[in-house]
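Chain and residue survey
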Amino acid sequence: MATYISHSLEETLALGERWGREAAPGWLIAISGDLGSGKTQLVRGIARGLGVTERVHSPTFTIVNYYSSGRVPLWHLDLYRLETPEAMRSAGLDEYFKPEGVAAVEWAERWLPVDLAGRVVDAGGAARVRRVSIQVIDEQVRKIEYEDSGA
Ligand SMILES: Nc1ncnc2c1ncn2[C@@H]1O[C@H](COP(=O)(O)OP(=O)(O)OP(=O)(O)O)[C@@H](O)[C@H]1O
Ligand SMILES: [Mg+2]
């Protein structure tokens with residue numbers, strides 16, 4: 001488990017940008033964290049690192065946004081509104097975890113089954129999962145913990 005302390009929005013964007021530059025097809029970036037902790041900003045950074053030129057905004061009302069202008073296609077999901085297992089199932093989420101793309105998921109813990117140690121049990125076929133947890137320390141400071149599993 002790695003820990004990164006972000007002292008500003010810019011540092012969070014830059015961390016996401018580094019991840020976006022290294023991201024490969026089949027990656028799933030599963031992000032948890034309180035309201036306003038910076039999940040969407042991290043995804044904006046990831047998109048930037050992938051070379052996405054479209055404007056990235058939160059898909060809260062649509063569940064998923066798709067960006068095709070980068071080096072690898074990016075699916076950006078926000079599961080905040082999917083409150084029940086039934087809602088998850090009928091949303092057909094598995095469809096977005098394509099081997100040819102990168103999926104970044106806000107409120108990922110609402111969907112991904114994890115074991116007692118918090119490890120993802122079934123990542124819908126993703127090649128690599130980066131589990132990310134963002135904690136608000138104060139107005140500007142965020143503690144970002146992350147851990148990879150898979151290839
Ligand atoms: N170090 C930081 N990293 C990221 N965002 C920060 C930081 N410091 C302050 N902020 C502010 O925190 C807010 C984070 O908003 P963001 O929409 O990314 O949160 P979120 O976790 O996606 O929220 P939601 O649960 O509503 O989707 C922004 O207004 C951003 O400017
Ligand atoms: Mg958000």
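These notes cover the structure that comes with them. (Residues numbered from 1 in each chain as written. Chains lettered and ligands numbered in written order. Predicted model: local features only at pLDDT ≥ 70, side-chain atom pairs only at ≥ 80, totals over all residues. Heavy atoms only, no water.)

Before going further, it helps to examine the coordination of the magnesium ion (ligand 2). Summarising the metal site, the magnesium ion (ligand 2) is bound by the protein donors Thr40 (OG1) and Glu106 (OE), whose distances to it range over 2.1 Å. Of the two residues, threonine 40 sits in helix α2 (residues 39–50) while glutamate 106 sits in strand β5 (residues 102–106), which places them 66 residues apart along the sequence. We classify threonine 40 as buried; its relative accessible area is 18%. Among the residues examined, glutamate 106 registers a relative accessible area of 3% and is labelled buried. (Donors = N, O, S within 2.8 Å, 3.2 Å for Na, K, Ca; no water. Helix = DSSP H or I, 4+ residues; strand = E, 2+ residues; numbered from the N terminus. Buried < 20%, exposed > 50% of the residue type's maximum accessible area, 1.4 Å probe, protein only.)

The next point concerns α2. For α2, built from twelve residues, the straight-helix expectation of 16 Å at 1.5 Å per residue is met to within 8% by its first-to-last C-alpha distance of 17 Å. Buried residues dominate α2, accounting for nine of its twelve residues. Among the residues of α2, Lys39, Thr40, Leu42, Val43, Gly45, Ile46, Ala47, Gly49 and Leu50 are the ones counted as buried. The secondary structure elements touched by the buried residues of α2 are α1 (9–22), β2 (27–33), β4 (74–78), β5 and β6 (128–136). (Expected span 1.5 Å × (residues − 1). Contact = heavy atoms within 4.5 Å.)

The subject of this paragraph is the site of ligand 1. With respect to spatial proximity, 17 residues lie near ligand 1, and among them Thr12, Gly36, Lys39, Thr40 and Gln140 are the closest. Between ligand 1 and the protein, one listed contact pairs an oxygen atom with a backbone N or O atom of serine 37 at 3.2 Å. Within the contact set of ligand 1, an oxygen atom lies 3.1 Å away from a side-chain nitrogen or oxygen of arginine 142. In isolation ligand 1 exposes 640 Å². Once the protein is present, 76% of that is buried. Secondary structure elements with two or more residues in the shell around ligand 1: α1 and α2. Here the element with the most residues in the shell around ligand 1 is α2; it accounts for three residues. Residue composition of the shell around ligand 1, by class: three nonpolar, nine polar and five charged. (Near = heavy atom within 4 Å. Polar contact = N/O pair within 3.5 Å; in protein donor to acceptor, adjacent residues only side chain to side chain. Areas by Shrake-Rupley, 256 points an atom, 1.4 Å probe, with all protein chains shown as cover. Nonpolar A, V, L, I, M, F, W, Y, C, P; charged D, E, K, R; others polar.)

Take the sheet that holds strand β1 (residues 2–6) next. Taken together, seven strands build an open sheet; the order of strands is β1-β7-β6-β2-β5-β4-β3 and the sheet is mixed. Edge positions in the open sheet fall to β1 and β3 (64–67), since each of these has one partner strand only. Direction aside, the axes of adjacent strands within the sheet are offset by 20° on average. As defined by bridge partners, β2 adjoins β5 across four bridges and the pair is classed as parallel. Among the inter-strand pairings, isoleucine 31 is bridged to a residue of β5, identified as glutamate 106. Across the face of the sheet, α1 comes into contact with β1, β2, β6 and β7 (142–150) while running at roughly 140° to β1. Together, β2, β4, β5 and β6 form the strand contacts of α2, whose direction differs from that of β2 by roughly 155°. (Pairing = 2+ DSSP bridges. Axes fitted to C-alpha atoms, helices over the stretch in contact; angles between N-to-C directions.)

What follows covers the packing of aromatic side chains. Counting across every chain of the model gives three aromatic pairs. Ring centres 4.8 Å apart and planes at 65° place the aromatic pair tryptophan 19 and tyrosine 146 in the edge-to-face group. Here tryptophan 19 is found in helix α1, whereas its partner tyrosine 146 is found in strand β7, with 127 residues between them in sequence. Ring geometry for tyrosine 80 and tryptophan 107: centres 5.0 Å apart, planes at 45°, overall tilted. In this pair, tyrosine 80 sits in the loop between β4 and α3 (85–91) while tryptophan 107 sits in the loop between β5 and β6, placing the two residues 27 residues apart along the sequence. One cation-aromatic arrangement involves arginine 130 over tryptophan 19; the distance from NZ or CZ to the ring centre is 4.9 Å. (Phe/Tyr/Trp six-rings, centres within 6.5 Å; stacked < 30°, edge-to-face > 60°. Lys NZ or Arg CZ within 6 Å of the ring centre and 35° of its normal.)

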